[in-house]
Amino acid sequence: MLKLLMLVDHAVAISGPHRNVVATLNALSARSDINLKLLTGKIDNSEPYSKQCDIILGFEPHKPSKILQNANLLRQATKDRELIYVSSGLKAFLYAYFLKRQCKLLAGPNVTGIPLLMNTSNPSPLMTMHMADAWIEMSSIRIEECVSAGTPREYINYIPHAKNAEYFTPELRDEKIWQEFGIRSDSIKIVHVGRMNEERKGIHELIQAFILLQNECSEYKLDLILICKEGEFFTNEHRRVPNVHSIGPHYGKELVRLIASADIFMGASRYETFWHTPLEAMSCGLPVVVSTAGAVPTMIPEDGVQGRAVSIVDSGHQFLPDAAERLANAAVPLIVDKELRVQMGQR
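Okay, so let's go over this structure. What you see is a predicted model; the values in this text were computed from it and never measured.

1. Here's the deal with the sheet that holds strand β7 (residues 156–158)
Consideration 1: On the basis of which strands lie adjacent, the open sheet formed by seven strands has the order β3-β2-β1-β4-β5-β6-β7 and parallel pairing. Single-partner strands in this sheet number two, and they are β3 (54–57) and β7. For this sheet, the mean angle separating the axes of adjacent strands, direction not counted, is 25°.
Consideration 2: Sheet analysis places strand β5 (residues 104–110) next to strand β6 (residues 134–137), joined by two bridges and oriented parallel. Bridged to Leu-106 within β6 is Ala-134.

In structure tokens, the structure reads:
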């Protein structure tokens, strides 16, 4: 039986990478051939792993004041372990490397590079080849970036992210859910899930595309629903756009219900390493209109079948001047043709 320690800052599904952490913990803890221990700062007591593995709390790698506490916890946790797995977080990775004792170290796919080594968020060869015993990445674009940074391809294990289709399911669709947010029941609802505190997420381009859609499809009632914590790139100008609703962050089954109860998912990121939310929306039965960021080309290998994959950035990952127009043009057929919208969602 493999004695495995998983090390993460928290095991709560508040972001795409951390939803992957939770899913990984649930999968590992359900195996009879793995003895799983988790060292973390916070857990979700509603998740199955919380009852199925040995959990040690108090690990907070983002707090310099907790260095000694973190180190002592990790030393104790590794005493009987064979393998440490760090799936997310550079600071957790560094703790694991310096305090791993006799353990092997597996890392990735959501561990960023060390800023002092290179001006990039990509893991360096020092990390992938010498600090870790094995490295995982989850998309072809991320693998290419690791190779460009100097890591030979054979050092990268490709394991794409997956979603539990029994969890992210269209069966949770509930059109009455929008009443509590004061959103019209008879509109076509376009949903977006993602942060507003980073320019690369394209919230401005998304809202501009929605304005174009309202003008182009004026005979249809449209609502854009933003499920995320507001940030600096969601401006007062954006708030004044008619039928744009910022409803804050939602997690767990509530997030799934909201996604499944919408009609179209849209996203305008200019850069992603994987991009979880389009895949989650597709699993919930929604057609998606998204940029070709991250692993989208593998999620939508043929544009127009499972969704619309739209090129909106140049070779330097900067938004094209007509990015919003390209997104809007791709979404128009789904607005005007309900049957197409339903069929693409079913696929």
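Alright, that's what it looks like, and here's the rest.
2. Let's talk about the pattern of salt bridges
Consideration 1: Tallying each qualifying case throughout the model produces 22 salt bridges.
Consideration 2: Notably, a salt bridge pairs Arg-200 with Glu-272, separated by 3.7 Å at the nearest N-O pair. Here Glu-272 lies in the loop between β11 (264–267) and α10 (276–283) and Arg-200 lies in the loop between β8 (188–193) and α7 (203–216), a separation of 72 residues in the sequence.
Consideration 3: A relative accessible area of 21% places Arg-200 in the partly exposed class.
Consideration 4: Here the salt bridges share partners, and the residues they tie into one network are Arg-195, Glu-198, Arg-200, Lys-201 and Glu-272.

3. What about the nonpolar core?
Consideration 1: Counting residues in each nonpolar core, the largest one holds 35 residues, and the members touching the most others are Leu-213, Leu-226, Met-266 and Val-289.
Consideration 2: At nine residues, helix α12 (residues 323–336) tops the list of elements feeding residues into this core.
Consideration 3: In contact with Leu-226, other than residues within four places in its own chain, are His-192, Met-196, Ile-203, Leu-206, Ile-207, Phe-234, Val-244, His-245, Ser-246, Ile-247 and Gly-248.
Consideration 4: Counting residues in each nonpolar core, the second largest holds 32 residues, with Leu-258, Ala-260, Leu-286 and Met-299 among its members.

4. Things to note about the sheet that holds strand β9 (residues 222–227)
Consideration 1: Judged by pairing direction, the sheet is parallel, and its six strands sit side by side in the order β10-β9-β8-β11-β12-β13 without closing on themselves. Strands with a single pairing partner mark the edges of an open sheet, and in this sheet they are β10 (244–246) and β13 (307–310). The mean inter-strand angle of the sheet, taken between neighbouring strand axes irrespective of direction, is 20°.
Consideration 2: Strand direction decides the pairing type here: strand β12 (residues 288–291) and β13, joined by four bridges, are parallel. Within β13, the residue paired with Val-290 across the bridge is Ala-309.

5. Quick word on the packing of α7 against α12
Consideration 1: Viewed as axis vectors pointing N to C, α7 and α12 meet at an angle of 50°, and their least axial separation amounts to 8 Å. It follows that α7 is oblique to α12 by the angle criterion. The two elements α7 and α12 meet at a crossing, and its hand is right-handed. Contacts between α7 and α12 involve Glu-205, Gln-208, Ala-209, Leu-212, Leu-213 and Glu-216 from the former and Ala-323, Ala-324, Glu-325, Leu-327, Ala-328, Ala-331, Val-332 and Ile-335 from the latter.
Consideration 2: Within the contact of α7 with α12, the residues separate by chemical class into ten nonpolar, one polar and three charged.

6. Re the side chain of Asp-223
Consideration 1: Relative to the helices and strands, Asp-223 is located in strand β9.
Consideration 2: In this structure Asp-223 comes out as buried when scored by relative accessible area, which is 1%.
Consideration 3: At 2.7 Å, the side chain of Asp-223 forms a polar contact with the side chain of His-245.
Consideration 4: Beyond its immediate stretch of four places on either side in the chain, Asp-223 contacts Ile-183, Arg-184, Ser-187, Ile-188, Lys-189, Ile-190, Phe-210, Asn-243 and His-245.

Cut-offs used in this document
- Residues numbered from 1 in each chain as written.
- Predicted model: local features only at pLDDT ≥ 70, side-chain atom pairs only at ≥ 80, totals over all residues.
- Heavy atoms only, no water.
- Pairing = 2+ DSSP bridges.
- Helix = DSSP H or I, 4+ residues; strand = E, 2+ residues; numbered from the N terminus.
- Axes fitted to C-alpha atoms, helices over the stretch in contact; angles between N-to-C directions.
- Salt bridge = Lys/Arg side-chain N within 4 Å of Asp/Glu carboxyl O.
- Buried < 20%, exposed > 50% of the residue type's maximum accessible area, 1.4 Å probe, protein only.
- Core = buried A, V, L, I, M, F, W, Y, C linked by side-chain atoms within 4.5 Å.
- Contact = heavy atoms within 4.5 Å.
- Parallel < 35°, antiparallel > 145°, perpendicular 65-115°, else oblique.
- Left-handed = near helix turned anticlockwise from the far one by under 90°.
- Nonpolar A, V, L, I, M, F, W, Y, C, P; charged D, E, K, R; others polar.
- Polar contact = N/O pair within 3.5 Å; in protein donor to acceptor, adjacent residues only side chain to side chain.

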